[in-house]
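Below, each chain spelled out in residue letters.
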Amino acid sequence: MSSKQEYWLSGPIPDVPALLQPAAHALLQSVREIKTYLTDFPEDRLWEKPYGRASVGFHLRHITGVLDRMLSYADMKALTVEQFDYLKNEGNGENAPSSEKLIHDFEVKVNQALEYFKNTPESILTEERFVGRKKLPSTVIGLLFHAAEHGQRHVGQLLVTVSVLKNK
């Protein structure tokens, strides 16, 4: 497959249920785009907030955290203390890992999500699930789709921030 061809045009991902293909494609596209956008990105700018907007480091941590949290909710699990700590520190660049490590962490989480998708029967996708302490209603497919589309939204924001900081 050409690196310029988007994942959604590459055919089905083996063993991922048909209804989860769009989410799987979006997650894989996010990984590819992040790696492309951050090629030659200056590490010392990872936590800069141009014009008061979120840093590149925040976007990288946030999409990993959102994906992790949505998988927990889809699995009917409450968030752990570690997940709450991660959420609290998504925007904190102090003692933060390198961009390479943040990208790696996201890619690992995407691979975990793809395994989750492969083990999720389509018959449960419309089952009700709940989000957060307020127990807001969703469904399995709603949570998994949200994780993918939310990631794509932040990748777009990351691209703009990278472009601004690279040309500064």
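Residues numbered from 1 in each chain as written. Predicted model: local features only at pLDDT ≥ 70, side-chain atom pairs only at ≥ 80, totals over all residues. Heavy atoms only, no water.

## Remarks on the pairing of strand E1 (residues 128-131)
In summary, the side chains of a regular strand alternate between the two faces of the sheet.
Okay, step 1: Bridging between E1 and strand E2 (residues 136-139) involves four bridges; their strand directions are antiparallel. Following the sheet pairing, arginine 129 is matched in E2 by serine 138.
Okay, step 2: What sits between E1 and E2 in their antiparallel hairpin is a turn of four residues, with glycine 132 showing a positive phi close to 70 degrees. (Pairing = 2+ DSSP bridges. Helix = DSSP H or I, 4+ residues; strand = E, 2+ residues; numbered from the N terminus.)

## Here we look at the packing of helix H1 (residues 21-37) against helix H4 (residues 99-118)
Okay, step 1: Running from N to C, H1 and H4 point in directions that differ by 165 degrees, and their axes come no closer than 10 Å. Of the possible angle classes, the one that applies to H1 and H4 is roughly antiparallel. You can see that H1 and H4 cross each other, and the crossing is left-handed. For the pair H1 and H4, contact is made by Ala23, Ala24, Leu27, Leu28, Ser30, Val31, Ile34 and Lys35 and by Ile103, Phe106, Glu107, Val110, Ala113, Leu114 and Phe117, respectively.
Okay, step 2: The residue inventory of the contact of H1 with H4, partitioned by class, reads twelve nonpolar, one polar and two charged. (Axes fitted to C-alpha atoms, helices over the stretch in contact; angles between N-to-C directions. Parallel < 35°, antiparallel > 145°, perpendicular 65-115°, else oblique. Left-handed = near helix turned anticlockwise from the far one by under 90°. Contact = heavy atoms within 4.5 Å. Nonpolar A, V, L, I, M, F, W, Y, C, P; charged D, E, K, R; others polar.)

## A closer look at the environment of glutamine 29
Okay, step 1: By secondary structure assignment, the location of glutamine 29 is in helix H1.
Okay, step 2: The sequence separation of glutamine 29 and valine 155 amounts to 126 residues, and the corresponding C-alpha distance is 9.6 Å.
Okay, step 3: Filtering out sequence-adjacent residues up to four positions away, glutamine 29 remains in contact with Glu6, Tyr7 and Gln152.

## Looking at the layout of surface pockets
Okay, step 1: The calculated volume of the largest pocket comes to roughly 230 Å³.
Okay, step 2: Considering the residues around the largest pocket, the lining is formed by 13 residues, among which Tyr73, Lys77, Ala78, Phe130 and Lys135 are closest to the centre.
Okay, step 3: Counting residues per element, the lining of the largest pocket draws most heavily on E1, at four residues.
Okay, step 4: Looking at the lining of the largest pocket residue by residue, the class counts come to seven nonpolar, one polar and five charged. (1 Å grid on protein atoms, 1.4 Å probe; cavity = no way out; pocket = protein on both sides within 12 Å on 5 of 7 lines; lining within 4 Å. Points joined across faces, edges and corners; volume = space filled by probe spheres on them.)

## Observations regarding helix H2 (residues 56-74)
Okay, step 1: Compared with an ideal rise of 1.5 Å per residue, which puts 19 residues at 27 Å, H2 spans 27 Å between its outermost C-alpha atoms and is within 8% of the ideal.
Okay, step 2: Within H2, 17 of the 19 residues are buried, which leaves it mostly tucked inside the rest of the structure.
Okay, step 3: A positive backbone phi angle near 60 degrees is found at methionine 76, which sits one or two residues after H2. (Expected span 1.5 Å × (residues − 1). Buried < 20%, exposed > 50% of the residue type's maximum accessible area, 1.4 Å probe, protein only.)

## With respect to unusual backbone geometry
Okay, step 1: Despite not being glycine, aspartate 40 has its phi angle at roughly 65 degrees, a positive value.
Okay, step 2: With respect to the helices, strands and loops of the structure, aspartate 40 is situated in the loop between H1 and H2.
Okay, step 3: Overall, the relative accessible area of 72% leaves aspartate 40 in the exposed class.
Okay, step 4: One non-glycine residue, lysine 135, adopts positive backbone phi at about 55 degrees.

## Re the side chain of serine 72
Okay, step 1: Relative to the helices and strands, serine 72 is located in helix H2.
Okay, step 2: Beyond its immediate sequence surroundings of up to four residues, serine 72 is in contact with Lys77, Leu79 and Gln83.

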